[in-house]
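# Coordinates in review
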Amino acid sequence: WSRHMKVSGLLLVAACIASSLGVSAFGWSHSPLLTPCFLPRATMIAVKQQQRMRASISPSQPEGPPVVDIAQLVEGRAVKPSMPAVQQISCAAREWGFFQVINHGIPDEVIERFDLEMKNFFARDKEEKYKIKRNKDNSRGYFDDELTKQTRDWKECVDIGAQNGDFEGKSPIDGYNQWPEGDASFKQAMKNYFDHCTSLSRTLLQAFAVSLGQPQHHFEQMIAEHTSYLRLNYYPPCPRPVDADFPLRSPKEEEGFLAINRHTDAGLLTILRQQYDQPHSLQVFYTKDSDKDHETRDGKWVVVRPTPASLTINIGDMMQVCSNDKFIAPLHRVLANKELPRYSAPYFFNPPYQEDCRPIAVDDNVKYRPVNWGEFRRRRFEGDFSDVGKEVQISDYRV
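Scope of this entry: the structure provided in the associated data block. Only a predicted model underlies this, so the values are computations on that prediction, with no experimental measurement involved.

### Quick look at the overall build of the protein chain
In terms of helices and strands, the protein chain carries nine helices and 18 strands. Per-residue burial for the protein chain yields a buried fraction of 56% across its 399 residues. A separation threshold of at least 6 residues defines the contact pool for the protein chain, and within that pool the share at least 24 residues apart is 74%.

### Some details on the pairing of strand β14 (residues 311-315)
In the case of a regular strand, side chains alternate between the two sheet surfaces. The buried fraction of β14 is high, at five of five residues. Taking every second residue as pointing to the same face, both faces of β14 are buried, with Leu-311, Ile-313 and Ile-315 on one and Thr-312 and Asn-314 on the other. As paired elements, strand β2 (residues 98-102) and β14 share four bridges and run antiparallel to each other. Along β14, the bridge assignment pairs Gln-100 with Thr-312. Note that strand β11 (residues 269-274) and β14 share four bridges and pair antiparallel. Looking across to β14, one finds that Leu-269 is bridged to Ile-315.

### Notes on the side chain of Arg-140
Position of Arg-140 among the secondary structure elements: in the loop between α6 (126-129) and β3 (141-143). Residue classification places Arg-140 among the buried residues on the basis of a relative accessible area of 0%. A distance of 3.5 Å separates a polar side-chain atom of Arg-140 from the backbone oxygen of Ala-162. Within the structure, Arg-140 has its side chain in polar contact with the side chain of Gln-163 (distance 2.8 Å).

### A word on the packing of aromatic side chains
A ring pair, where both rings are aromatic, is described by two values, the distance of the centres and the angle of the planes. Applying the stated criterion across every chain yields a total of 20 aromatic pairs. Measuring from ring centre to ring centre gives 4.2 Å for Phe-114 and Tyr-193, while their planes differ by 20°; the resulting arrangement is stacked. Taken together, the residues span a long stretch of sequence, with Phe-114 in helix α5 (residues 108-122) and Tyr-193 in helix α7 (residues 184-211) at a distance of 79 residues. Tyr-193 matches Phe-114 in its accessibility class, with the two residues each being buried.

### Topic: empty space enclosed by the protein
All told, the structure shown has three cavities of 30 Å³ or more when counted by the stated rule. In this structure, the largest cavity encloses a volume near 420 Å³. Considering the residues around the largest cavity, the lining is formed by 30 residues, among which Arg-231, His-263, Asp-265, His-332 and Phe-348 are closest to the centre. If you list the elements that add at least two residues to the lining of the largest cavity, you get β9 (229-235), β10 (258-263), β11, β15 (332-335), β16 (342-349) and α9 (373-385).

### Focus on the sheet that holds β3
The strand order across the open sheet formed by eight strands is β1-β2-β14-β11-β16-β9-β6-β3, and the pairing between neighbours is mixed. The two strands at the open ends of the sheet, each matched to only one other strand, are β1 (67-69) and β3. Strand-to-strand twist across the sheet, computed as the mean angle between neighbouring axes with direction ignored, equals 25°.

Basis of the calculations
- Residues numbered from 1 in each chain as written.
- Predicted model: local features only at pLDDT ≥ 70, side-chain atom pairs only at ≥ 80, totals over all residues.
- Heavy atoms only, no water.
- Helix = DSSP H or I, 4+ residues; strand = E, 2+ residues; numbered from the N terminus.
- Buried < 20%, exposed > 50% of the residue type's maximum accessible area, 1.4 Å probe, protein only.
- Contact = heavy atoms within 4.5 Å.
- Pairing = 2+ DSSP bridges.
- Polar contact = N/O pair within 3.5 Å; in protein donor to acceptor, adjacent residues only side chain to side chain.
- Phe/Tyr/Trp six-rings, centres within 6.5 Å; stacked < 30°, edge-to-face > 60°.
- 1 Å grid on protein atoms, 1.4 Å probe; cavity = no way out; pocket = protein on both sides within 12 Å on 5 of 7 lines; lining within 4 Å.
- Points joined across faces, edges and corners; volume = space filled by probe spheres on them.
- Axes fitted to C-alpha atoms, helices over the stretch in contact; angles between N-to-C directions.

Structure (structure tokens):
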């Protein structure tokens, strides 16, 4: 079975490549080896859904954010503006706010173990998961009732993070980590992956700093006491998902559901683990109106299709502030799926609670007042946990 699954995965990669080139999936209708019955049913459904979504793309619609090879950055060389990876990251951060990275340095075995432990956790009985449920005083733990833009999401999650750089710490803003009782392997897998994401964040922050004309270690002071967290997402099949072209607003309950409603990420950057052999459900709102309020932007939803062995990166609100709008914190959302479950895991790199994020190296055209991260994070969590009215946005801090 293990060998069968590995072969199926390789075939899916080939099928996705063929689909992206507008070719049928390597002649499944003619080749006995590649008949649909050879692949697991869930894999076949995912491939067919991806083909249908590609067929719906208009010729004028952009394909999606770029894929960047960051091997040189991971090797620890001095980061220079002339490096191809730095130039590509800079362009992607300005145009999309999204890009994918390959040769990112996180070992396959670390990711595979992380994926396995994540799936095992969500397979537990609800009663077991509720033993570590978060509450209004502790943002860390399991939940299945989050609001985004005052609208219920179709998902289950676990949040695990660092409090002032300490994985075992406790803070008055985010609380403390909760762990399934007697499951040391889950905690170890989470910490291993978390630590690798922290290291990758340092690498990406160096590229961002150089792209903004700063020394490569400009953001280093934000790392020692960072308040980053890892979110495990499980999206069960949804009986009434909205269509992929649903407009820029939250659906009413009678219209259907999104797995996650439109939003921007609050921190500096996000590292997302999404799997290419599951539904391609992440959408970014491609727009040239990044300086406008979210609800008044013109643009279109574009699917972010994961490349095998890649991680997906996006800019957060605090980085848009630090860059003085040179980089975009993009609106994005996740589609629900009627037939298949999906798993994903964003790692949100966040500054220390006491950090005042402000535009760096700008002329007189400063666009934001300083944003205290601890206060911004507290207000954003309050909006996620319960309906407190309009969600805090960086537009509230515009000069």
